[in-house]
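# Notes for the structure review
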Number of protein chains: 2
Amino acid sequence: MISYNGKEYVCALDFGFNLIKGKWKVVILCHLGNGAKRFLELQRIIDGISQKVLNQQLRSLEADGLIEKVVYPEVPPRVEYYLSEKGKELYPALKMIESWTTKHYDLYCKDEE
Amino acid sequence: MISYNGKEYVCALDFGFNLIKGKWKVVILCHLGNGAKRFLELQRIIDGISQKVLNQQLRSLEADGLIEKVVYPEVPPRVEYYLSEKGKELYPALKMIESWTTKHYDLYCKDEE
DNA sequence: CAGCATCCCCCGGGATACTG
DNA sequence: CAGTATCCCGGGGGATGCTG
C-alpha cells in the first residue's frame, strides 16, 4: 500500500498508471512524443477536447513531471509543450500499448503530420 | 477517429488504453500475470476492492478478451482467472510502466507471494 | 493565443445485503 | 465461494464565456 498526496495506491504500477489515466493524457503524451507542440496545435489535433480540459491535463502532466513547457515572452503569447526526460522514457511503453492494440483489434488511427 | 460500440476514440492508443483504464484493471492484470487466481484470492490480494467492483472489472476484461476463466463444476464453486494470449502480450507493457514508476518515483510495492 | 472561472452532468465505483 | 441486486455519491470532465 502506497500513500501519496493523501491518496492510496495498491502498488507502484497502480500509482504510475494513475499518472496517465486522465481521459486525454496518453493521447497528449503520444503527440508530444513526436515533437513539441503549442497549445492550440494540440487542441486542433486532439479532436473534441475543450480548452479547459486540455489545460487541466497539461497542468497535471506538468505537475507530475511528464511534460515541460517554454513560454515565449511574446504578444500574442506562445507556449510550447514537450516531453520531459521522464516522459520520454515512458513513451516506449505507450507505443507498445499502441501497437498491441492495432495488432489485436485492427483499428485505424489517422496519424496527423 | 474511431467508433466502437457507440463510443468514440481519437486513435488506436486511446482505444487500447481505455480497455485497461478501469480503476483496478492493471492491478488485476498484473497479478494474473504471475499465475492464475481465484476470485476470492484476487479480492484478498487487492486491498480495498469490493466484490461488486471486482466482478465488474473482471467481466469487462473478459469481454475485451484480456482474461479468461475456468469454472470448475464443484460445490462450493471454484473459478480461476488467467491472462489470455492477448493479455499476456500486453503484460510486458504494464511491467515497463511499473519499472518506469519505481525508477522515477522511488515507491515501494509490497509484492505478495 | 493561452488559460481561468462557473455551472452542471454523468457514470464509475463504494457500501451493503441477498442467492445458487 | 462466486457471484447478483440496489442505492448512493464524488469528481472528472463537458459547455460556455471572460481576460491579459
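For the structure, check the block above.
## Some points on helix α2 (residues 25–33) of chain A
Along an α-helix, a turn takes 3.6 residues, which lines up residues three or four apart on a common side. All names here are of chain A. Judged by how many residues are buried, α2 sits mostly within the fold: eight of nine residues are covered. Along α2, the residues classified as buried are K25, V26, V27, I28, L29, C30, H31 and L32. Trailing α2 by a residue or two, G35 shows a phi angle of about 125 degrees, which is positive.

## As for the protein's contact with DNA strand C
Around DNA strand C, the structure places 19 residues, and the nearest of them are L40, N55 and R59 of chain A together with K23 and K52 of chain B. Contact between DNA strand C and Q51 of chain A: a base oxygen at 2.8 Å from a side-chain N or O atom of the residue. Between DNA strand C and the protein, one listed contact pairs a base oxygen with a side-chain N or O atom of K52 of chain B at 2.3 Å. Breaking the surface near DNA strand C down by element, the ones donating at least two residues are α3 (39–45), α4 (51–63) and β5 (78–83) of chain A together with α4 (51–63) of chain B. Looking at the surface near DNA strand C, the element that brings in the most residues is α4 of chain A, giving four residues. Among the residues making up the surface near DNA strand C, the classes are represented as nine nonpolar, four polar and six charged.

Rules used in this analysis
- Residues numbered from 1 in each chain as written.
- Chains lettered and ligands numbered in written order.
- Predicted model: local features only at pLDDT ≥ 70, side-chain atom pairs only at ≥ 80, totals over all residues.
- Heavy atoms only, no water.
- Buried < 20%, exposed > 50% of the residue type's maximum accessible area, 1.4 Å probe, protein only.
- Helix = DSSP H or I, 4+ residues; strand = E, 2+ residues; numbered from the N terminus.
- Near = heavy atom within 4 Å.
- Polar contact = N/O pair within 3.5 Å; in protein donor to acceptor, adjacent residues only side chain to side chain.
- Nonpolar A, V, L, I, M, F, W, Y, C, P; charged D, E, K, R; others polar.

Structural measurements only, silent on function.
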